Amino acid sequence: MSQENHTYQTPPASIMTLADYEQAPQVSIDTKKEYMLLSYRSTYKSLNDLNQLEMSMGGLRTNPVTNIAAATNYINNLKVLKVSAKEPVQVSGLPANPHITFVTWSPDEKKIAFTNTASKGVELWVLDVASAHAIRLTEPVINANLGNPFNWYRDSKQLLVRLLPANRPALIDPKQELPKGPAISMSDGSKSQNRTYPDLLKNSTDEVNFITLSGSELYKVDLTGKAELFKAEDMYVMESFSPDGNFLLVTSLRKPFSYIVPLNRFPQITVVYDLKGNEVKTVNEVPLSEVLPKGFMAVRKGKRQMNWRSDQPATLFYVEALDGGDPQIKADYRDAIYQWRAPFAENPALLAKTIQRFSNIIWGNSSIAIVQDEWYDTRNEKTYLINPSNTNESPKMIKDRNFQDVYSDPGNFETWKNAYGKYVLAIENNNLFRIGEGHTTKGQFPFIDELNLKTLKTERLYQSTYTDKMEEIFDIEDFKKGEALVRIQSKNEYPNYYFRNFRQKESLTQVTHFPNPFESIKDVYKEVIKYKRADGVELSGTLYLPVGYDRSKKEKLPLLIWAYPAEYKDKNSAGQSTANSNEFTFPYYGSFVYWVTRGYAVLDDAAFPIIGEGKTEPNDNFIEQLVSNAKAAIDAVDSLGYINRTKVAVGGHSYGAFMTANLLTHCNLFACGIARSGAYNRTLTPFGFQSEQRNYWDAPDVYNAMSPFQNADKMKTPLLLVHGEADNNPGTFTLQTERYFQALKGLGAPARMVILPKEQHAYVARENILHLLWEQDRFLEEYLK
């Protein structure tokens, strides 16, 4: 039978018990360690949540009634926890059935602003933290189509808000509007090697509707709800106050629009205003950016990444390419960083040059800043210490490393709020601080380091010693006392937050007490296993065995492998493991862990490195390495005596689905496979995909060899194909699965295709996810048991 018309199904009880749970809240804490905000979300959306009006254009998918992104993941409740108390306080005054997002603390941390999406639009609300009471400031007239629609003024008494224009025209129904002519695009001979972007503008009607949806007026709104017009209607995409609060940086979109790239590459103009709305200076004008050089390190010409220095009252900085943005051009320096002090009477001043492509700057004070650059082809990252006040002082190299080498990762620099309320480098006694994840050959041991600015030598202040738990270090909350916010978990203890005094041994104070919602699998066996593939590359994966499984008797179980390939330029980095067997076992639809309750062994997050050393690109021998990874994983679990190697399934999502289809096509190691939301025909992504920078015409043999669609005649193994009906991820449009299934069916391969209604690349609706688990269970039971 070629079609089955199923109503929604639910998985077996052992899986349903795990899938049907309430997730713990997200936590946000003020810098004084007085209050925590707990933000609660539903575990899943409903299908009805996805069944809303939607317009797609310029890379956006927005609800034209509510004027906010259609896929917004809302918070449905807020509570305030006084850190010294044990129980949180329910926020009063919230609307019925709240749909909350854009949660933002005020500069003085006494208020929290957020939006609520009502049936007719988006409202602005504010929460008084001490009283845990919320009030509404505006009617549903906020325009959130282009992202965060408000910013706090520095005085914490007003907000700058994007409101719908008073005379906003009605949207044109593209189904009712007769076209006045064809849509025409031109190529002028310039190379424009763009990825396959989704939801682009298609015609003049789309352009008119895009202008309507993106148009806002800027208003000053105080904490009583009083609103005053600040700037007239424009297509505002970014507003940012200077640290001293006296200037406002505003970026707006301009025409002409494009039908081949999304709105972030449309023309833009950036203007600085004073607090009365008077123009101070037009600081940047960016033309339409349809044409870029080839390669991941390509950037556009002109000023980019413009923003305020967080350590100065009102100084802009920006980056400009010295190589024309073309990574193929040889250059001693790739980028230059400039600074420009308000009111911009003087010309911008050169601050520093970077050898590689600029990636980040962290401001400290007038004489201290950290600059980072990177180069993808070599996976290299350099970190420098610079003196912003003395450009004659040469940058000091702090670290020169392979950014994929996790064992050498020095961690991230810690920041704190300065007098302007902006985050800058934490500098204490001429030291900087870094927090690292601490992955090593022996396991994961997070750390806090102190970096002396004079000697550039590092001293370790703290390192976790847990071998039966997993510790994560988030922030240093008190540098003098030595207190850090950490989260501790084990394989069967749910993650909770603590304050750790890293200067005092065993000083730990628990802050949250979230229960374990997955009691039924707390006793599953869990182990990170390490093994080698044929060429000696170290691999790893997390092995799960069912509750009560006798590892001495070694009953032969079917094995499920879930994986996602990753590209590397060296075997050393590829062989490193970030898996931690003490990480809490958190089953979700993105893995096979549920099936440990159904009598399967599961190898989760199995390492599938694809390596290309020297001038060899990783994908030059993609298939051979893929099969070698798979064989090594099966051999490793089989050598432990736990599995029947004739009953092994493989699965993955997105690029993992692409992996799965290729494995079933090119080897006989698997009895079946599950491929979700993948791309299977690489000629439909001709200007690169994943980490492939070459285009189809550069490497046609590579593209064809890697494409399961082009090799569909070789595929004879049962395959479950799943895809979201509305997938808007670049390269993985739903058409990819539909055409691959059509090829498999036409060639007689055993395959089943499930299209999940209304879903995008990641699945969110309860009905769809539960049905997906049912489909996967039924498929595995049929072909493995």
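Residues numbered from 1 in each chain as written. Predicted model: local features only at pLDDT ≥ 70, side-chain atom pairs only at ≥ 80, totals over all residues. Heavy atoms only, no water.

Caption draft 1: Up close: the sheet that holds strand β6 (residues 77-82). Pairing in this open sheet of four strands is antiparallel, and the strands run β1-β2-β6-β7 from one edge to the other. At either end of the open sheet lies a strand with only one pairing partner, and these are β1 (26-29) and β7 (89-90). Relative to β6, strand β2 (residues 35-40) runs antiparallel, the two being bridged by six bridges. Directly across from Ser39, in β6, lies its bridge partner Leu78. (Pairing = 2+ DSSP bridges. Helix = DSSP H or I, 4+ residues; strand = E, 2+ residues; numbered from the N terminus.)

Caption draft 2: Inspection of the side chain of Arg694 at higher detail. For Arg694, the position within the fold is in the loop between β47 (672-676) and α7 (700-706). There is a polar contact of 2.9 Å between the side chain of Arg694 and the side chain of Asp620. Separated by 2.8 Å, the side chains of Arg694 and Glu692 make a polar contact. When neighbours within four sequence positions are excluded, Arg694 is seen to be in contact with Glu617, Asn619, Asp620, Gly688, Ala699, Val702 and Tyr703. (Polar contact = N/O pair within 3.5 Å; in protein donor to acceptor, adjacent residues only side chain to side chain. Contact = heavy atoms within 4.5 Å.)

Caption draft 3: Highlighting the packing of aromatic side chains. A complete count under the given rule lists 37 aromatic pairs for this structure. When the centroid spacing of 5.6 Å and the interplanar angle of 45° are considered together, the rings of Phe687 and Trp697 count as tilted. In this pair, Phe687 sits in the loop between β47 and α7 while Trp697 sits in the loop between β47 and α7, placing the two residues ten residues apart along the sequence. By relative accessible area, Phe687 is classed as partly exposed at 27%. Counting every residue linked through ring pairs, the aromatic cluster contains Tyr564, Phe622, Tyr655, Phe658, Phe687, Phe689, Tyr696, Trp697 and Tyr703. (Phe/Tyr/Trp six-rings, centres within 6.5 Å; stacked < 30°, edge-to-face > 60°. Buried < 20%, exposed > 50% of the residue type's maximum accessible area, 1.4 Å probe, protein only.)

Caption draft 4: Local environment of the nonpolar core. Judged by nonpolar contacts, the single largest core of 60 residues is most densely connected at Tyr531, Ile561, Leu603, Phe608, Leu663, Phe670 and Tyr740. Counting residues per element, this core draws most heavily on helix α5 (residues 622-639), at nine residues. Sequence-distant contacts of Leu603, that is, excluding residues within four places in its chain, are made with Ile529, Tyr531, Gly541, Thr542, Leu543, Leu559, Leu560, Ile561, Trp562, Ala633 and Val637. (Core = buried A, V, L, I, M, F, W, Y, C linked by side-chain atoms within 4.5 Å.)

Coordinates in, geometry out; function isn't part of it.
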